[in-house]
Amino acid sequence: MSDGLNPLREARVAELLSDFRTLQFYIAAAPTSPGNPDEYYTEGWAALRQCALDGQHILNCAADISIPCASGPGPDEQAKAELKQVLLDA
């Protein structure tokens, strides 16, 4: 992978991870209680409460920060293995 695009790929993966994290914060911050108590058990509010719980759970999960080992020699292979792990995590 010595095509000179690794920095661009890394930047794109970082953008994707940032966008994903931003979305998770929005989901976790979703309102869970309606203004009208009669609407609390409606399907929409139940879905919003579940989304908020799921988003909070994902935010609380620890990320796998282990560094993968390259299958071949050289820094290019190591960079490829690390990029592949980042993509899997995303």
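The text that follows walks through the structure, step by step, so that each part is easy to find. Please read all numbers here as calculations on a predicted model, not as lab measurements.

## Focus: the overall build of the chain
Here comes step 1: Secondary structure summary: the chain contains three helices and zero strands in total.
Here comes step 2: Buried positions account for 13% of the 90 residues belonging to the chain.
Here comes step 3: Taking contacts inside the chain between residues at least 6 apart in sequence as the whole, the part at least 24 apart equals 46%.
Here comes step 4: Of the roughly 6,900 Å² that the chain leaves accessible, carbon and sulfur atoms contribute 61%.

## Re the packing of aromatic side chains
For any pair of aromatic rings, the description rests on two quantities: the centre-to-centre distance and the angle between the ring planes.
Here comes step 1: Applying the stated criterion to the full structure yields one aromatic pair.
Here comes step 2: The interplanar angle of 80 degrees and the centroid separation of 4.9 Å between the aromatic rings of Y40 and Y41 together place this pair among those described as edge-to-face.
Here comes step 3: The class of Y40 is partly exposed, set by a relative accessible area of 31%.
Here comes step 4: According to the relative accessible area criterion, Y41 is exposed, its value standing at 72%.
Here comes step 5: The residue whose ring lies beneath R49 is Y40, and the NZ or CZ to ring-centre distance is 3.9 Å.

## A short note on the side chain of R49
Here comes step 1: Within the fold, R49 resides in helix 2 (residues 43-60).
Here comes step 2: With no salt bridge to any partner, buried R49 finds its closest opposite charge in E39, at an N-O distance of 9.5 Å.
Here comes step 3: Residues contacting R49, with those up to four places away along its chain left out, are T32, Y40 and Y41.

So, how was this worked out
- Residues numbered from 1 in each chain as written.
- Predicted model: local features only at pLDDT ≥ 70, side-chain atom pairs only at ≥ 80, totals over all residues.
- Heavy atoms only, no water.
- Helix = DSSP H or I, 4+ residues; strand = E, 2+ residues; numbered from the N terminus.
- Buried < 20%, exposed > 50% of the residue type's maximum accessible area, 1.4 Å probe, protein only.
- Contact = heavy atoms within 4.5 Å.
- Areas by Shrake-Rupley, 256 points an atom, 1.4 Å probe, with all protein chains shown as cover.
- Phe/Tyr/Trp six-rings, centres within 6.5 Å; stacked < 30°, edge-to-face > 60°.
- Lys NZ or Arg CZ within 6 Å of the ring centre and 35° of its normal.
- Lys, Arg positive; Asp, Glu negative; His and termini not counted.
- Salt bridge = Lys/Arg side-chain N within 4 Å of Asp/Glu carboxyl O.

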